[in-house]
Amino acid sequence: MTAAALLLGGCSLLPGGEPDPEPVGTASAVASEAASDPALAAFYGQDLEWADCGGGFECTRLTVPVDYADPYGATASLAVVRLRTGATGQDRLGSLVLNPGGPGASGVEYARAAENVLTEDVRAHFDVVGFDPRGVGGSDPLQCLDDDEVDEFLAADPTPDEPAEVQRLLELTAQLGRGCAASGELAAHVDTRTAAKDLDVLRAALGDEKLTYLGKSYGTYLGALYAEQFPQRVGRFVLDGAIDPSLSRGEVNAGQAAGFEVALRSYVQDCLDGDDCPLSGGVDAALGRVRALLARLDEQPLPTSSGRELTQGLAYYALAYPLYAPSLWPRLTQALTEAFDGDGTAMLALADAYASRRDGGGYANNSTTVIHAVNCLDRADEETVPEVRASVPEFEAASPTFGAFLAWGGLSCSEWPIPAVGEPVPVDAAGAAPILVVGTTRDPATPYAWAQGLAAQLDSGRLLTLDGDGHTAYRTGSACVDEAVDAYLLAGRLPEEGARC
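Residues numbered from 1 in each chain as written. Predicted model: local features only at pLDDT ≥ 70, side-chain atom pairs only at ≥ 80, totals over all residues. Heavy atoms only, no water.

1. Points about the overall build of the chain
Selection rule: The helix and strand labels rest on DSSP assignments: H or I over at least four residues marks a helix, E over at least two residues marks a strand, and numbering proceeds from the N terminus. Radius of gyration means the value over C-alpha atoms here, while the globule rule gives 2.2 Å times the residue count to the 0.38 power. Computed by Shrake-Rupley with a 1.4 Å probe, the accessible areas treat only the displayed protein chains as cover when residues are assessed. Charged residues are defined narrowly, with Lys and Arg counted positive, Asp and Glu counted negative, and His plus the chain ends left uncounted. Charge coordinates come from a single atom per side chain, which is NZ of Lys, CZ of Arg, CG of Asp or CD of Glu.
Helix and strand counts for the chain stand at 19 helices and eleven strands. For the chain, whose C-alpha radius of gyration is 22 Å, the value lies close to the compact-globule estimate of 23 Å for 501 residues. Judged by the C-alpha coordinates and their principal axes, the chain covers about 65 × 50 × 40 Å. With an accessible surface of roughly 18500 Å², the chain has 49% of that area assigned to carbon and sulfur atoms. For the chain, the distance from the average position of its 32 positive side-chain charges to the average position of its 73 negative side-chain charges is 3 Å.

Put into structure tokens, the structure is as follows:
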């Protein structure tokens, strides 16, 4: 993620919303799809072969065209997992498809954590389905760099101060792009709009006339582009930790910089209010010490017990990772305490957790590289070195800690060898059923303003707000949010306009 890319009590919620609709699952989807587009009939009509894969789950493979403009050409295979509900008849509400974000996170692994991801009531009425999007994890993944190259990529200097450092940043980005392109034809077709087409093939293969969907973080962007292309097939959609599709790459980076700064301030205040905090003084003074640590690491990395060094680049990921969930704040406190004492081991462990790096080396998945492959296809707004350099002061004004880091992230697609196919545009999904958008006021990775923007763009959008910390809201500790989301998924009842938890 050099040329930075960062992945996401009481309430005043009032009852209300739409009347209870009919159950969403049907078996009529396949025939209608085959009739509407004969070239895709074989994909929409495929008979999934499920096999037991442990823990009560079934696994299968879904076949999709690599290029939907050439459905008789190459195909890709997607990994799919399902946890069946025991409900029958009117109690069975069809399939609930999940995407946890990224881009690059595994929907298969997310579904396997269904006990934590969904409430018992939801699991009782839906088949829980997860899939790895094209290019990701178990779905014919892009293999862009080897493990040593990923180590080098993540540890590199993300805030270049001199021409040689800028050149190195560009070289690493170009190396990643070349590696992804060498993976084959699929590398040009891992964009989100195409992944949304896969989602519709999956819907039909599951036998559901409409798609019921829970998307978090990047999964909201996938869901929004699905709703834009297939509004008539939108069932009950929950988009939690939303991305605003109208934002440029620069606006996304600037929004994240500000969002992580807000989250860091919230963490620092909590640390200062508690015991054993290595910071002191007011919030601004404490933040100054954190920034001083990052500045020192730019000149001299810290040693760790593994023999690897904690560089400034890795420290940024170590700092960002715990801001996704307040439950991780104590780990950040301990890691900062050790880093101030000259030991980077705990900070390095946080950075490795963020990147899914195994203790003995190697990576559990390709999320740290495929995120760039997807993002660079989705937005055709590459920035140049002079443009990025000129933007740094504005970024730093909004985010003194993360500003330069994410400003230089604007170069992430400047050397990408495959032309982009998408662009930032508002999504209205005209004709879609109601879509519930959930935003958290101090979300670091997907700032609250993005949820407001997406809900306003969607013709049928309804915003639910959580006044809180951390990335995404459903099943993160708010009973109020959980009850509201469940009411919509299970009975189609939306929270009232302006509902807050």
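The structure having been displayed, the exposition proceeds.
2. As for unusual backbone geometry
What is expected of a backbone is that most residues other than glycine have negative phi and most peptide bonds are trans. Cis geometry is found at the peptide bond from Gly 102 to Pro 103, where omega equals -5°. Checked against the element boundaries, Pro 103 lands in the loop between β4 (95–99) and α3 (107–112). Even without being glycine, Ser 356 reaches a positive phi, approximately 60°. Counting through the fold element by element, Ser 356 comes out in the loop between α14 (345–355) and α15 (367–378). The phi torsion at Arg 475 lies on the positive side, around 65°, for a residue other than glycine.

3. Remarks on the confidence of the model for the chain
Interpreting fine coordinate detail is not advised for predicted regions of low pLDDT. Using the following cut-off: Known as pLDDT, the predictor's per-residue confidence is scaled from 0 to 100. It only takes one pair of heavy atoms within 4.5 Å for two residues to be counted as in contact.
Looking at the chain as a whole, its pLDDT mean stands at 92, while 93% of the residues score no less than 70. Counted against residues more than four places away or in other chains, residues 8–35, with its pLDDT under 50, gives 71 contacts.

4. Here's the deal with the environment of Glu 209
Applicable threshold: Exposed residues in this analysis have more than 50% of their type's maximum accessible area, buried residues have under 20%, and partly exposed residues fall in between, with area computed by a 1.4 Å probe over protein chains only.
By the secondary structure assignment, Glu 209 is in the loop between α8 (192–206) and β6 (211–216). Residue Glu 209 is classed as partly exposed on the basis of its relative accessible area, which comes to 40%. Considering only alpha carbons, one finds Glu 209 and Cys 144, 65 residues apart in sequence, at a separation of 37 Å.

5. Thoughts on the pairing of strand β5 (residues 127–131)
It is a general feature of regular strands that their side chains alternate between the two faces of the sheet. Put simply, the test is: Strand pairing is assigned whenever DSSP identifies at least 2 bridges connecting the two strands.
Judged by how many residues are buried, β5 sits mostly within the fold: five of five residues are covered. In the sheet, strand β3 (residues 75–83) pairs with β5 via four bridges, with the strands oriented antiparallel. Bridge pairing in β5 links Leu 83 to Val 128. One ladder, built from four bridges, connects β4 with β5; its direction is parallel. Residue pairing in the sheet places Leu 98 in a bridge with Gly 130 of β5.

6. Notes on empty space enclosed by the protein
The condition that has to hold: Only protein atoms enter the 1 Å grid used here, on which a cavity is any set of points holding a 1.4 Å probe that cannot leave and a pocket is any open set flanked by protein within 12 Å on both sides along at least five of seven lines; residues with an atom within 4 Å of a point are listed as lining. Grid points are joined across faces, edges and corners, and a volume is the space filled by probe spheres set on the points. Here the nonpolar group is Ala, Val, Leu, Ile, Met, Phe, Trp, Tyr, Cys and Pro; Asp, Glu, Lys and Arg are the charged ones; every other residue, Gly included, is treated as polar.
Of the volumes computed, that of the second largest cavity is approximately 70 Å³. What lines the second largest cavity is Asp 191, Arg 193, Tyr 221, Leu 225, Leu 377, Asp 378, Val 421, Gly 422, Glu 423 and Val 425. At the level of elements, α9 (218–229) and α15 are the ones that each hand at least two residues to the lining of the second largest cavity. Here the lining of the second largest cavity is built from residues that sort into five nonpolar, one polar and four charged.

7. What about the side chain of Asp 200?
We count it as follows: Pairs of N or O atoms are called polar contacts if they sit within 3.5 Å, as long as, within protein, a hydrogen donor faces a hydrogen acceptor (for residues adjacent in sequence, only side-chain-to-side-chain pairs).
Take Asp 200: it is sitting in helix α8. The exposure class of Asp 200 is buried, given its relative accessible area of 0%. Separated by 2.5 Å, the side chains of Asp 200 and Tyr 226 make a polar contact.

8. Things to note about the packing of helix α11 (residues 283–299) against helix α12 (residues 312–320)
Describing two packed helices takes the angle between their axes plus the distance from one axis to the other. Quick reminder of the rule: Lines are fitted to the C-alpha atoms to define the axes, a helix being fitted only along its stretch in contact, and any angle between axes, read from their N-to-C directions, falls within 0 to 180 degrees. These descriptions rest on fixed angle ranges, namely under 35 degrees for roughly parallel, over 145 for roughly antiparallel, 65 to 115 for roughly perpendicular, and the rest for oblique.
Contact pair α11 / α12: the axes reach a minimum separation of 8 Å and the direction vectors enclose 150°. Classified by the angle their axes make, α11 and α12 are roughly antiparallel. Contact residues: α11 offers Val 290, Leu 294, Leu 297 and Asp 298, while α12 offers Gln 312, Ala 315, Tyr 316 and Leu 319. Of the residues in the contact of α11 with α12, the class split is six nonpolar, one polar and one charged.

9. What to know about the state of the cysteines
Condition: In this description, a disulfide is simply a cysteine sulfur pair whose atoms lie within 2.5 Å.
Within the structure shown, the criterion is met by five disulfides. The partner cysteine of Cys 376 in its disulfide is Cys 413, sulfur to sulfur 2.0 Å. Between Cys 376 and Cys 413 the disulfide shows an S-S torsion of about -90°. By sign, it is left-handed. Taken together, the residues Cys 376 in helix α15 and Cys 413 in the loop between α17 (403–407) and β10 (435–442) connect sequence positions 37 residues apart.

10. Here's the deal with the packing of aromatic side chains
The line we're drawing: Aromatic pairs are defined between Phe, Tyr and Trp rings, using the six-membered ring for Trp, whenever the two ring centres lie within 6.5 Å; interplanar angles under 30 degrees are classed as stacked, those over 60 as edge-to-face, and all others as tilted. Remark: a charge is flagged as sitting over a ring if the NZ atom of Lys or the CZ atom of Arg is within 6 Å of the ring centre and within 35 degrees of the ring normal.
Counted under the stated rule, the structure contains 13 aromatic pairs. For the ring pair Phe 260 and Phe 402, a centre distance of 5.5 Å and an interplane angle of 50° mean the geometry is tilted. You can see Phe 260 sitting in helix α10 (residues 249–273) and its partner Phe 402 sitting in the loop between α16 (385–398) and α17, a full 142 residues away along the chain. Residue Phe 260 is classed as buried on the basis of its relative accessible area, which comes to 0%. Plain terms: the ring middles of Tyr 317 and Tyr 354 are 5.6 Å apart, the flat faces sit at 25° to each other, and that makes the pair stacked. In this pair, Tyr 317 is assigned in helix α12 and Tyr 354 in helix α14, connecting sequence segments 37 residues apart. The same class applies to Tyr 317 as to Tyr 354, namely buried. A network of ring pairs unites the aromatic residues Phe 260, Tyr 316, Tyr 317, Tyr 321, Tyr 324, Tyr 354, Phe 402 and Phe 405 as a single cluster. A cation over an aromatic ring shows up here: Arg 82 above the ring of Trp 50, its NZ or CZ 3.8 Å from the ring centre.

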